[in-house]
Amino acid sequence: MRALLPLDDPAADLATAGGKGASLARLAKAGLPVPGGFLITTAAYRAYVADFHDQIVEAASRGDAGRIAELFAAHDMPAAIAARIQEAHAELGDDVPVAVRSSATAEDLPGMSFAGQQDSFLNIRGEALPGAVHRCWASLWNARAIAYRERHGAPHDDVALAVVVQELVDADAAGVMFTADPVSGARDRTVINASWGLGEAVVGGQVTPDTIVVSAGAVTEARTGDKTVMTVRTPGGTAERPVPGDLREAPVLDEAQALRLAAIGSRVQELYGTPMDVEWARHDGEFFVLQARPVTGLTEQVEEWNDSLKGDHLWTGGNLGEAIPDVMTPATWSFVQLFIREAMSASTLPDFDLVGNIGGRFYMNLSVMFSVARALGMRSRLGAVEQIFGKVPPGLDVPLLEVSRWGIIKRVLPMAVRIRRRVRDNLKELPAFLATARQRGERVRDRIAATAAPSELAALWAGEIEPYIVTASRMLEAAGRQGSTTLVFTRDRLRTMMGDVDAEAMLTGVSAGGELASLGPVMGLNRLARGEIDRDTFARVYGHRGPHEFEVSIPRPGEDPAWIDAALAGLRDLRDDTAALLARQQEAREAAWARFARRYPGKEARMRARVKRWNAVVRDRESTRSEVVRAFWALRAFTVRAGELTGHGDDLFYLYLDEILAVLRGSTEPLAKVAMRRATYRRYASLPPYPQLIVGRFDPVRWAADPGRRTDLYDARGAAVPVSDTVTGFPGAPGIVEGVARVLSGPEDGDRLAPGEILVTTLTNVGWTPMFPRAAAVVTDMGAPLSHASIVARELGIPAVVGTGNATARLRDGDRVRVDGERGTVELLT
């Protein structure tokens, strides 16, 4: 048995020397200024308590600290151990005063410091030393130490205590240093507390110390405390004494000393690789490290993902934001940026921040669209923006870009010419792309799975994966622009001629000329339920579509048999199957066309051709969007495989694309950012969905903490757009229904929606489609006439009101409501 060890002995680990002892040994071995001394090991403690350990543990289980104190008082320290302690003390010098500190095997651990739970004794000399060690051993079982271990789940039967004996620094000043700000969590701030005398007055909270903050190699803050008390050495130990009047409000450290001390703190943090809590002392101008432990309870270090800070803009979460409803991991955001760059050419223009990441969520910048429309004299066309992105509240002053009209024209017109040419060329390739896109996606995923080395996957990215994503994105740009005016103005024209109900009926039938991709999953599930296709076919054809289809960290439905099982189960309690709903809507559509023919003789053929064009545009747009989503399945496969080949697993979801490629090429530097990115993601994902419209600089955390927050609009300017007391929105699909409102926070709650209830939620996307046939009506906070909810509800003949802004805030789960899809109103009945 090694009862004693030198302070810097390599054998001084946690099990042998306890947390404090192991830490001091590590510091001493690294050459940091640690006072000399020695360690009394846990082996010495275990030898001492061997005869009564079981009695100690039994008493501790009852919380009987008094009985344990009696056991320690009844057992003397073995004479051999006491003699060896005194010999080691003599080797330090002639009756050198020492500090005797407890060092338990369950202390100074991440998340559990155990600071102050066991006893320490200062200014101990000669024959008093074995007795001080004995009292340290006994303090392992005082009432507060027992309670602390139980609170943190640390078992009593395995804990042991070492003791650190060190030369007592005759400190003229001492204190505590945190190498990260313990309040804000900022890692770039070292916070030093300093007071006169020994450090016990600071550690024990008996004095208001000086506080000095060091950042970037300079003192950035310094507050001098009113230091009324100091701990000093006395012949019998230590005592508290008043601070002399001329020192009470005098700074303990000058700037140069603070910087020297912070540099020592940096060395300690570098040694441990984590922010540290360091007790220090100063004697004759020299600094000493008395102990160091990881800072516990420190706020996680996070990044800021917030493009709203770039300036005063109007941001919307509508349209594409509905398709990307989640807080995005960094990998997803970088893939979305690649997609946007190719699918929305205007996003590449300088000074045009067309899309943004606000608290991890996808937003589009309506200020760009309003500014361009006004610069080009197209204000009358702004109504089309609302049909795509949702309503802008009356009275809201939309901030414009700080770019002159001529500056906008010079940027936009050449770009418009380039886009027109690119769209024209890509439209020629669109049919062939759609015909082979599924097979290409499968081939790319197979190639990814077959890669055997990181370098091979990196090469595949450049040679095959990226070109596939770029092509899919450019095809969506072409499909989306091939008839943008047709989408908006055909609907407006029909509503003028026939009224809302007949117009919406006449615009249905998109799937009559081929499957509407937004209905694909629910149609596929019906075919699977009838045995017309097998599960593998469903997964291959429709498995890329789901509620989180852009987020690459989440498995696709095609990867998750449980998703398919749950979706099939949801079909069993439908009011009507999808085919019946479509047939009923076909009857309504033909009746509306008959009324049109009677009212406008000779115009039916031309209008039918125009609507057929509408349907083709919608179908091509939805089909191409579906193939972009399939491409994102390949991006998920790429990221997962990169994690497998490099051994870094899901850490790679928290890297951007260029960083993933760097890791594939052998770099480990990007991985240092993973912990911070994970913390950032968790922080934003814990918040409720942000408002649909954001004006100016937006703080998601502060907004979420406001009990009076609005979910429809946030305006940093404080502009008073009134809060609506009614639930109104766009008429998404006509019809009037009364029923029970079922307010769902996400598609994962879909099993709560009973047949015939009214689905109320923030937004919907393709992942919600399987539950639409179960709903009597659909009401959403976000959306517009050309959004997913409107298109699918219209095809199925389900009344819908979209883009209300406040439905989930105004309606409670179980309320009875009347939904008028023609007028765009929701009325609370009970």
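What this report covers is the structure whose coordinates are included nearby. (Residues numbered from 1 in each chain as written. Predicted model: local features only at pLDDT ≥ 70, side-chain atom pairs only at ≥ 80, totals over all residues. Heavy atoms only, no water.)

So, the overall build of the protein chain
This is how the line gets drawn: Think of it this way: any DSSP run of H or I at least four residues long counts as a helix, any run of E at least two long counts as a strand, and we number them from the N terminus. For this analysis, residues touch if any pair of their heavy atoms sits within 4.5 Å. For the area figures, the Shrake-Rupley method with a 1.4 Å probe applies, and any residue is considered shielded solely by the protein chains shown.
Counting secondary structure elements, the protein chain contains 28 helices and 26 strands. Overall, the C-alpha framework of the protein chain stretches about 115 × 60 × 60 Å when taken along its three principal axes. The long-range fraction of contacts in the protein chain, counting pairs at least 24 apart against all pairs at least 6 apart in sequence, stands at 68%. For the protein chain, the accessible area works out to roughly 34000 Å², and carbon and sulfur atoms hold 50% of it.

Quick notes on the sheet that holds strand β1 (residues 4-6)
This is how it is decided: Two strands form a pair only when DSSP identifies at least two bridges running between them. To get an axis, fit a line to the C-alpha atoms, keeping to the stretch in contact for a helix; angles then go from 0 to 180 degrees between the N-to-C directions.
Spatially, β1-β2-β5-β3-β4 is the arrangement adopted by the five strands of the open sheet, whose pairing is antiparallel. Edge positions in the open sheet fall to β1 and β4 (120-124), since each of these has one partner strand only. Each strand axis lies, on average, 20° off the axis of its neighbour in the sheet, ignoring direction. For strand β3 (residues 98-104) and β4, the ladder comprises three bridges, and the chain directions are antiparallel. By the bridge assignment, V98 is partnered in β4 with I124. Against the sheet, helix α6 (residues 128-139) contacts β2 (37-40), β3, β4 and β5 (161-167), and its axis sits at roughly 25° relative to β3.

Digging into the packing of aromatic side chains
Cut-off, in case you're wondering: Two rings from Phe, Tyr or Trp (for Trp, the six-membered ring) form a pair when their centres are within 6.5 Å of each other. A pair whose planes differ by under 30 degrees is stacked, one over 60 is edge-to-face, and the rest are tilted. Note on exposure labels: buried denotes an accessible area under 20% of the residue type's maximum, exposed denotes more than 50%, and partly exposed covers the range between, all computed with a 1.4 Å probe on protein chains only.
Under the definition given, this model contains 20 aromatic pairs. Geometrically, the ring pair formed by W280 and F287 is edge-to-face, given 5.7 Å between the ring centres and 70° between the ring planes. Taking the relative accessible area as the measure of exposure, W280 reaches 1% and is therefore buried. F287 gets classed as buried once you look at its relative accessible area, which sits at 5%. Relative to F632, the ring of F339 has its centre 6.2 Å away and its plane inclined at 90°; by these criteria the two rings are edge-to-face. Of this pair, F339 sits in helix α12 (residues 330-343) while F632 sits in helix α23 (residues 604-646); the two residues are 293 residues apart in sequence, bridging distant segments of the chain. The burial state of F339 is the same as that of F632; both residues are buried.

Focus on the pairing of strand β11 (residues 237-242)
Look at any regular strand and the pattern is simple: side chains alternate between the two faces of the sheet. As paired strands, strand β10 (residues 229-234) and β11 are joined by six bridges and run antiparallel to one another. The residue bridging V229 from the neighbouring strand is P242, located in β11.

Structural notes on the nonpolar core
Note the cut-off: Nonpolar core, defined: a set of buried Ala, Val, Leu, Ile, Met, Phe, Trp, Tyr and Cys residues in which side-chain atoms within 4.5 Å join the residues together.
F362, I465 and F638 are the most contacted members of the largest nonpolar core, which has 99 residues in total. Here this core takes 13 residues from helix α16 (residues 454-481), the largest share from any one element. The contacts of I465, once residues within four sequence positions are left out, are V444, I448, L457, L460, L635 and F638. In terms of nonpolar packing, the next biggest core, distinct from the first, is built from 40 residues, M497, F730, F772 and V792 among them.

Describing helix α22 (residues 578-599)
Operational definition: Expected span, for any helix, means 1.5 Å times one less than how many residues it has. Here, the arc refers to the directions that run from the helix axis to the C-beta atoms.
Over its 22 residues, α22 runs 32 Å from end to end, which matches the ideal 32 Å to within 8%, given 1.5 Å per residue. All buried positions along α22 are accounted for by T578, L581, L582, Q585, R589, A592, W593 and F596. Along the axis of α22, the buried residues cluster in a sector spanning 110°; they form a single face. For α22, the exposed residues set more than 90 degrees away from the buried face come down to E587 and R598.

What about the sheet that holds strand β26 (residues 825-828)?
Spatially, eight strands are ordered β19-β26-β25-β21-β22-β23-β24-β20 in an open sheet, and the strand pairing comes out mixed. At either end of the open sheet lies a strand with only one pairing partner, and these are β19 (727-728) and β20 (730-733). Judged from the three bridges that link them, β20 and strand β24 (residues 800-802) form a sheet pairing that is antiparallel. Bridge pairing links P731 to V801 in β24. Across the sheet, helix α27 (residues 788-796) touches β20, β23 (777-780) and β24, and the angle it forms with β20 is around 45°.

So, the environment of R608
Considering the arrangement of structural elements, one finds R608 in helix α23. On the basis of relative accessibility, which here comes to 32%, the residue R608 falls in the partly exposed class. For the pair R608 and Y363, spaced 245 residues apart in sequence, the C-alpha to C-alpha distance is 36 Å. In this structure, R608 is in contact with E590 and W593, ignoring residues within four places of it in sequence.

Examining the pairing of β3
Among the seven residues of β3, seven are classified as buried, and the element is accordingly described as predominantly covered. The two faces of β3 match: V98, V100, S102 and A104 on one face and A99, R101 and S103 on the other face are all buried.

A short note on a positive patch on the surface
Filter applied, for reference: Two distance rules govern patches: like charges are joined within 9 Å, and nonpolar side chains (Val, Leu, Ile, Met, Phe, Trp, Tyr) within 5 Å, applied only to residues with over 30% relative accessible area and no salt bridge. Within this document, salt bridges are pairs made up of a side-chain nitrogen of Lys or Arg and a carboxyl oxygen of Asp or Glu, the two lying within 4 Å of each other. Residues scored as charged are limited to Lys and Arg (positive) and Asp and Glu (negative), so that His and the chain ends carry no count. A charged residue contributes its charge at one atom only: NZ of Lys, CZ of Arg, CG of Asp or CD of Glu.
A cluster of basic residues, R493, K603, R606 and R610, forms a positive patch on the protein surface. Assignment of secondary structure puts R606 in helix α23. Judged by relative accessible area, which is 72%, R606 ranks as exposed.

Brief notes about unusual backbone geometry
Phi is positive for N123, which is not a glycine, with a value near 55°. Structurally, N123 is set in strand β4. A relative accessible area of 5% places N123 in the buried class. For N319, which is not glycine, the phi torsion reads 60° and is therefore positive. Here N319 shows up in the loop between β14 (314-316) and α11 (320-323).

Some remarks on the side chain of Q166
Cut-off, in case you're wondering: We call two N or O atoms a polar contact when they sit within 3.5 Å, provided that within protein one can donate a hydrogen and the other can accept it, with sequence-adjacent residues counted only if both atoms are side-chain atoms.
Within the secondary structure, Q166 sits in strand β5. Taking relative accessible area as the criterion, Q166 reaches 3% and is therefore assigned buried. A distance of 3.1 Å separates the side chain of Q166 from the backbone oxygen of P35, its partner in a polar contact. Beyond its immediate stretch of four places on either side in the chain, Q166 contacts L7, L24, V34, P35, G36, G37, P97, V98, A99, R101 and L290.

A few points about the pattern of salt bridges
For the structure shown, the criterion picks out 51 salt bridges. Here R62 ties to D64 by a salt bridge, and the two come within 3.1 Å at their closest N and O atoms. For the salt bridge of D500 with R495, the shortest nitrogen-to-oxygen distance reads 3.1 Å. Since its relative accessible area comes to 23%, D500 is described here as partly exposed. Salt bridges linked by common partners bring D181, R189, E221 and R223 together as one network.

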